[in-house]
Amino acid sequence: MEKEITIAEFAKELKVRLDNGKTVDCCKEELLRLADIITDKIGSEKILVTWKD
């Protein structure tokens, strides 16, 4: 089922999934869209990251 939600709602759901040890594989296309939005809207903001393979 497809539905439109706010970025804040999407971020909240992602955080819940990650906090509960679930994967975010279910949201690959949405994460790619979110990456585009981030690039366009807040691309100069900084974030501290620790990349893992």
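Residues numbered from 1 in each chain as written. Predicted model: local features only at pLDDT ≥ 70, side-chain atom pairs only at ≥ 80, totals over all residues. Heavy atoms only, no water.

1. Things to note about the overall build of the protein chain
Scanning the protein chain for helices and strands turns up two helices and zero strands. Taken along the three principal axes of its C-alpha coordinates, the protein chain extends 35 × 25 × 15 Å. Burial statistics for the protein chain: of 53 residues in total, 9% are counted as buried. Between the averaged position of the 10 positive side-chain charges in the protein chain and that of its 12 negative side-chain charges there is a distance of 5 Å. (Helix = DSSP H or I, 4+ residues; strand = E, 2+ residues; numbered from the N terminus. Buried < 20%, exposed > 50% of the residue type's maximum accessible area, 1.4 Å probe, protein only. Lys, Arg positive; Asp, Glu negative; His and termini not counted. Charge placed at Lys NZ, Arg CZ, Asp CG, Glu CD.)

2. A few points about the layout of surface pockets
Roughly 550 Å³ of internal volume is contained in the largest pocket. What lines the largest pocket is a set of 17 residues, among which Lys3, Ile5, Phe10, Glu30 and Arg33 lie closest to the centre. Elements represented by at least two residues in the lining of the largest pocket include exactly α1 (7-19) and α2 (28-42). Of all the elements, α1 adds the most residues to the lining of the largest pocket, at five residues. Considered class by class, the residues forming the lining of the largest pocket number nine nonpolar, one polar and seven charged. Roughly 160 Å³ of volume is contained in the second largest pocket. Contributing to the lining of the second largest pocket are Ile38, Ile42, Glu45, Lys46 and Ile47. Each residue belonging to the lining of the second largest pocket can be placed in one class, and the counts come to three nonpolar, no polar and two charged. (1 Å grid on protein atoms, 1.4 Å probe; cavity = no way out; pocket = protein on both sides within 12 Å on 5 of 7 lines; lining within 4 Å. Points joined across faces, edges and corners; volume = space filled by probe spheres on them. Nonpolar A, V, L, I, M, F, W, Y, C, P; charged D, E, K, R; others polar.)

3. Side note on the packing of α1 against α2
With their axes 12 Å apart at the nearest point, α1 and α2 run at an angle of 130° to one another. In terms of orientation, α1 lies oblique with respect to α2. Seen along the crossing, α1 lies across α2 with a hand that is left-handed. Residue-level contacts link Ile7, Phe10 and Leu14 of α1 to Glu30, Leu31, Leu34 and Ile37 of α2. Within the contact of α1 with α2, the residues separate by chemical class into six nonpolar, no polar and one charged. (Axes fitted to C-alpha atoms, helices over the stretch in contact; angles between N-to-C directions. Parallel < 35°, antiparallel > 145°, perpendicular 65-115°, else oblique. Left-handed = near helix turned anticlockwise from the far one by under 90°. Contact = heavy atoms within 4.5 Å.)

4. Here we look at the state of the cysteines
By the definition in use, this model includes zero disulfides. Not engaged in a disulfide, the cysteine Cys27 finds its nearest cysteine sulfur in Cys26; these two sulfurs lie 3.0 Å apart. (Disulfide = S-S within 2.5 Å.)

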